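Geometric and topological summary
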Amino acid sequence: MDKPETTTPPLIDAAALKADLNKLCINNASPAEQPNMDCLTRLKQAVEAARLEARRRLEAGGSGRACAEGLSDFQDDLTDAIFELVIMDETVCPTPEDRQAAEDVAVVATGGYGRGLLAPGSDIDLLFLLPDRHGPLGERIAEAMLYKLWDLGFKVGHATRTIKQSLQLAQADTTIRTSLLDARLIRGNRALFDTMQSRFYAEVVKTTARQFVDAKMSERDERHQRSGDARYRVEPNIKDGKGGLRDLHTLHWLSKIIYGEDVGAKTVADGIFTDEEAATFQRCEDFLWTIRCHLHFLTGRAEERISFDVQPRMSELLGYKRLGGLRGVERFMKHYFLVAKDVGDLTSILCAALEMQQLKSSPMGLAKMLDPTSWKKRREVRLRTEFRIENDRINLAAPDAFERDPLNILRLFSQSAKTGAFLHPDAIRQLRHSLGLIDATVRNDPEANRIFLDLLTETKDPATILRRMSDAGVLARFIPAFRKVVGMMQFNMYHHFTVDEHLIRTVQMLRGIETGDAIEELPLSSEIIKLVEKDSRLVLFVAAFLHDIGKGRKEDHSVVGARIARDLCPRLGLTTKQTDRVVWLVEHHLLMSNIAQTRDLSDPKTIKDFAEVVQSRARLQQLLLLTVADIRAVGPGVWNGWKGQLLRTLYHAAIPHLAGGYAPDTLPTRVAKARTELCTALADEGWTPKQTKAVTSRFYDDYWLKFDTATQIEHAKLIARAGKENTKLALDHTTDEFTEMTELTIFAPNHPRLLSLFAGACAVVGGNIVAAQITTTRDGFALDTFRIKREFATDEDEARRARGIEDKIKRLLSGEGRLQKLLDNRRPAEHRVEAFAVEPEVTVNNKLSDKLTVIEVAGRDRPGLLHDLTTALSDLNLDISSAHITTWGEKAVDVFYVTDLVGKKLHGEDRRQRIVETLEEILTIEDEPAIA
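Anyway, here's the lowdown on the structure attached to this text. Just so we're clear, the structure is a prediction, and the values are computed from it rather than from any experiment.

Conventions and cut-offs
- Residues numbered from 1 in each chain as written.
- Predicted model: local features only at pLDDT ≥ 70, side-chain atom pairs only at ≥ 80, totals over all residues.
- Heavy atoms only, no water.
- Phe/Tyr/Trp six-rings, centres within 6.5 Å; stacked < 30°, edge-to-face > 60°.
- Buried < 20%, exposed > 50% of the residue type's maximum accessible area, 1.4 Å probe, protein only.
- Salt bridge = Lys/Arg side-chain N within 4 Å of Asp/Glu carboxyl O.
- Helix = DSSP H or I, 4+ residues; strand = E, 2+ residues; numbered from the N terminus.
- Contact = heavy atoms within 4.5 Å.
- Polar contact = N/O pair within 3.5 Å; in protein donor to acceptor, adjacent residues only side chain to side chain.
- Expected span 1.5 Å × (residues − 1).
- Arc of directions from axis to C-beta.
- Pairing = 2+ DSSP bridges.
- Core = buried A, V, L, I, M, F, W, Y, C linked by side-chain atoms within 4.5 Å.
- Axes fitted to C-alpha atoms, helices over the stretch in contact; angles between N-to-C directions.
- Parallel < 35°, antiparallel > 145°, perpendicular 65-115°, else oblique.
- Left-handed = near helix turned anticlockwise from the far one by under 90°.
- Patch = residues over 30% accessible without salt bridge, like charges linked within 9 Å, V, L, I, M, F, W, Y side chains within 5 Å.
- Areas by Shrake-Rupley, 256 points an atom, 1.4 Å probe, with all protein chains shown as cover.
- Lys, Arg positive; Asp, Glu negative; His and termini not counted.
- Charge placed at Lys NZ, Arg CZ, Asp CG, Glu CD.

Looking now at the packing of aromatic side chains. For the structure shown, the criterion picks out twelve aromatic pairs. Where Phe200 meets Tyr201, the ring centres are 5.5 Å apart and the plane angle is 80 degrees; that geometry is what we call edge-to-face. Judged by its relative accessible area of 0%, Phe200 falls in the buried class. Taking the relative accessible area as the measure of exposure, Tyr201 reaches 23% and is therefore partly exposed.

Laid out in structure tokens, this is it:
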């Protein structure tokens, strides 16, 4: 049996296992089936014992690699024992000659198992290698062994082939070729296996090295694309994600195909890696295997994604504790992302080295190589700078270029941006060894700061350059505050990326708005950015880069970030005026988003208070652009048209207040103006004065301030339709692909629990309410408008869903259905949410609105939460005027504008305390599983 060199002690006594199995087979006098059952039971006991011991060692502080080696060694012993059981089985080997001939079969471990590393949930890859001239015996042995492995619960990838078949398939199929690179004999015909190995390397490996390298790198790129290209996703895939184990496997395979061995002595001797980099490979591999083994044990399956629900437990097992503003789980994940970065660096070094040796296709491509402009750029670099370009990789012209002038470190990235050239592996190594040269003198050098600002604001693709600078460690040295957020994750479901990646993506989003990449999606932002002057543009990009740089501290990150900006901006060369603006933007970068999503934008005081903070139109424009870029950089699916509409509404509402000399119309004037506009619009559609008056006379003054004329027209048609059909209940819906919202309007006799019923109906079907406007008519009806997130791509499917919600509302209002029964059978909460603890928070505020009390409720989201909250508000005899529903990942923030039943604000400490206690109690209710 071939065993990789390992010092890992065995998980079980293999000799004792074989002895037990031998006794059961020979001495058992029971019927023929009984020995097989007894052997299977003993094998299952061995598997369970081995797993328990592997887990015990791992959780006692053992290494992940040792765990994987131990499981692989045990699998060898188990496979060997099963082989002996099979050849003693008379149905497989009925004669002594068959038992002797069975040794002509070679049982071979391939793939990860062949490398001698197995995670608890890994598949077992086996090749049953047969002689050229073979009868049915080999297939019988393979089949019998597979059945036993399956009975033990293993997933087995298997093949039964001759040498000729194996080599032919390896030539044609990269996956098979890859698996055979790590082939290892477990039991059987040594000469047959050795022959296959020698022929495999002579006939396949040596003739397809270039093709194999390109195929593996293409496969890696496709894998990253499938699993999410960003290395810093906060729920990373440890196996297939960028910087994960599969990337290390790729390095291993490439080293094996070229040098015949894993990353180690030969790769160092050939100059591909340094001793330090080879050690980094081993360190990263052990860390990732530790996590993977823990992950499989914790989940009880071959789970490869480090999801939120396992991160806290894993961080505890690995001993990470809270430090400063970072929780233990955040420190653990930061360590993971730094390791992923190291893996990425190793991959980049090897890829570039292979290109230099002509073993991998250049990223430049033939067309670019022959392009005269490209040749001119390379020539200019060689003649005018201290760099040169080789095969589209930029390198130092002399090894001491950084020592002679440390500013060349920044100039290297500047030239990379200008030429589009990748970094040469020698340059990357030299950068790492030269990071200490970036000291206070360099950081305070005006030219160095000019180069950095130029990279941030003037390059075609600033995000790529900033990432390269960060990966090389340059950003953290040049801007020390950035070091704290490198690899920093935020343990919540809202942010998809680490803080450093989010900052870079915010710059990327801002640049995309500027170049018109999102003109259809962001019409206002795309127009405004054209108006931004050069000085303000610099302010905007610096603010985008710094807005979250204060995270990870105990103090509010906006305040810390503003303080960092106050110190850093003058060093970067910004004027006092520019510095003040950056500081203001960083400190208030969440203001516009929070106001737009959690406040009633039809309330004049909301706009007035917002405008008083913003103070100028220029600030408003910059804040809007930063807000949009920030939200879009959070992650896929976070931005939608509804958020854009809210921001546009707030922007346009604030403009008159900032224009100077703003004198709002009196309430009667605004109401009269709105009523007149509706009357005119209805007259244009053929309504008579009598029909118009029948609708307009039903509303109180507040209605005319809540809705625009277009919405009021739709309301009038709905009310008229109810009258024509002689019904007291009418519903209507519209859906908008751009805002990704569906709006449902209900006209019905006023009901104190109408919002609660609607929220319940949406909870039943999984509808996500984001806003509600509640209107009461003079004749005792309610006209309520609800906006829910659109779920389907086509209008037809979404309309069908809306009609389903309408049907449930009708049944509930008519008493045909029981809401609680429907809620009991709703779909359960997303499992990941349970990993988070969100401290319940309820505030009752009379200062945010002139006429209404604002109740803000924050807590962990769950299905039916809005229904429970609105039911409680009704029980508290509160009249809800509007509701604004926001979800930040696992955290729900619901804001209600309310009055008492006579339309007055809420007063009295006792009543306020009762509201707070009642709502906090609801927020602490645990999710209950759905009833089947």
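Moving on, we get to the pattern of salt bridges. Counted under the stated rule, the structure contains 58 salt bridges. Among the ionic pairs, Glu277 bridges to Arg432, the shortest N-O distance being 3.5 Å. Here the residue Glu277 occupies a position in helix H13 (residues 275–299), and Arg432 occupies one in helix H20 (residues 425–433), the gap between them amounting to 155 residues. Among the residues examined, Glu277 registers a relative accessible area of 5% and is labelled buried. A residue is classified by how much of its surface remains accessible, and Arg432, at 30% relative accessible area, is partly exposed. Connected through shared salt-bridge partners, Glu277, Lys341, Asp345, Asp426, Arg429 and Arg432 make up one network.

Before going further, it helps to spend a moment on the environment of Val92. Within the element layout of this structure, Val92 appears in the loop between helix H3 (64–88) and helix H4 (96–101). Along the sequence, Val92 and Leu137 sit 45 residues apart, while their C-alpha atoms lie 7.4 Å from each other. If sequence neighbours within four positions are ignored, Val92 has contacts with Val86, Leu137, Arg140, Ile141 and Ala144.

Of note in this structure, Asn726 is not a glycine but carries a positive phi near 55 degrees. Relative to the helices and strands, Asn726 resides in the loop between helix H38 (709–724) and strand E8 (730–736). A relative accessible area of 73% places Asn726 in the exposed class. Positive phi, normally seen in glycine, also occurs at Asn877, with a value near 60 degrees. The topology assignment puts Asn877 in the loop between helix H42 (865–875) and strand E14 (878–888).

Within the element layout of this structure, Thr777 appears in the loop between strand E10 (769–776) and strand E11 (781–789). For Thr777, a relative accessible area of 2% corresponds to the buried category. Engagement of the side chain of Thr777 in a polar contact is seen with the side chain of Asp779, the distance being 2.6 Å. Every residue in contact with Thr777, bar those within four places of it in the chain, is listed here: Arg698, Phe699 and Tyr700.

Before going further, it helps to spend a moment on helix H43 (residues 909–923). An α-helix turns once per 3.6 residues; consequently, residues spaced three or four apart project the same way. In a regular helix each residue adds 1.5 Å, so 15 residues correspond to 21 Å; H43 covers 21 Å between its end C-alpha atoms and thus fits that length. For H43, the set of buried residues is Ile915, Val916, Leu919, Ile922 and Leu923. End-on, the buried residues of H43 take up no more than an arc of 130 degrees, which puts them together on one face. Away from the buried face of H43 by more than 90 degrees, exposed residues Asp910 and Glu921 are located. Where the residues of H43 are buried, they touch strand E12 (841–845), strand E13 (853–860), H42 and E14.

Side chains of strand E5 (residues 387–390) alternate between two faces, with Phe387 and Ile389 buried and Arg388 and Glu390 left unburied. Between E5 and strand E6 (residues 393–396), which follow one another and run antiparallel, lie two residues, and Asn391 among them has a positive phi close to 55 degrees.

Phe452, Val474, Val542, Phe545, Leu546, Val582 and Phe610 are the most contacted members of the largest nonpolar core, which has 117 residues in total. Counting residues per element, this core draws most heavily on helix H28 (residues 534–546), which supplies nine residues. For Phe610, the contacting residues outside a window of four places in its chain are Leu591, Met592, Ile595, Leu620, Leu623, Leu650 and Ala654. Among the nonpolar cores identified, the runner-up in size contains 112 residues, and Leu58, Leu85, Phe200 and Met314 belong to it.

Looking now at the sheet that holds strand E3 (residues 156–162). With respect to topology, four strands assemble into an open sheet ordered E3-E2-E1-E4, the strand pairing being mixed. Each having just a single partner strand, E3 and strand E4 (184–188) make up the two edges of the open sheet. The average angle at which neighbouring strand axes cross in this sheet is 25 degrees, direction not considered. Bridge analysis of strand E1 (residues 106–109) against E4 gives four bridges, and the strand direction is antiparallel. Each bridged residue has a counterpart across the sheet, and for Val107 the counterpart in E4 is Arg187. Against the sheet, H3 engages E1, strand E2 (124–130) and E4, with an angle of about 30 degrees to E4.

Burial analysis of E11 places seven of its nine residues in the buried class, the great majority of the element. Across nine bridges, strand E9 (residues 741–749) lies against E11 in antiparallel orientation. Paired with Phe747 across the two strands is Leu783, which belongs to E11. Across seven bridges, the pairing between E10 and E11 is antiparallel. Among the inter-strand pairings, Ile769 is bridged to a residue of E11, identified as Ile788.

Before going further, it helps to spend a moment on the environment of Leu323. Following the sequence through the fold, Leu323 ends up in the loop between helix H14 (311–317) and helix H15 (328–356). The class of Leu323 is exposed, set by a relative accessible area of 55%. Remark: the alpha-carbon pair of Leu323 and Leu354, spanning 31 residues in sequence, is separated by 42 Å.

Packing of helix H7 (residues 163–172) against helix H9 (residues 190–205) leaves a shortest axis separation of 10 Å and a crossing angle of 30 degrees. Relative to H9, the element H7 is oriented roughly parallel. Remark: the crossing between H7 and H9 carries right-handed chirality. Within the contact between the two elements, H7 uses Ile163, Ser166, Leu167, Ala170 and Gln171 and H9 uses Leu192, Thr195, Met196, Arg199, Phe200, Glu203 and Val204.

What follows deals with a negative patch on the surface. On the surface, a cluster of negative charge is contributed by Glu839, Glu841, Glu917 and Glu920. Take Glu841: it is sitting in strand E12. Looking at Glu841, the relative accessible area reads 45%, which means it is partly exposed.

Everything listed here is a matter of geometry and, on its own, says nothing about what the molecule does.
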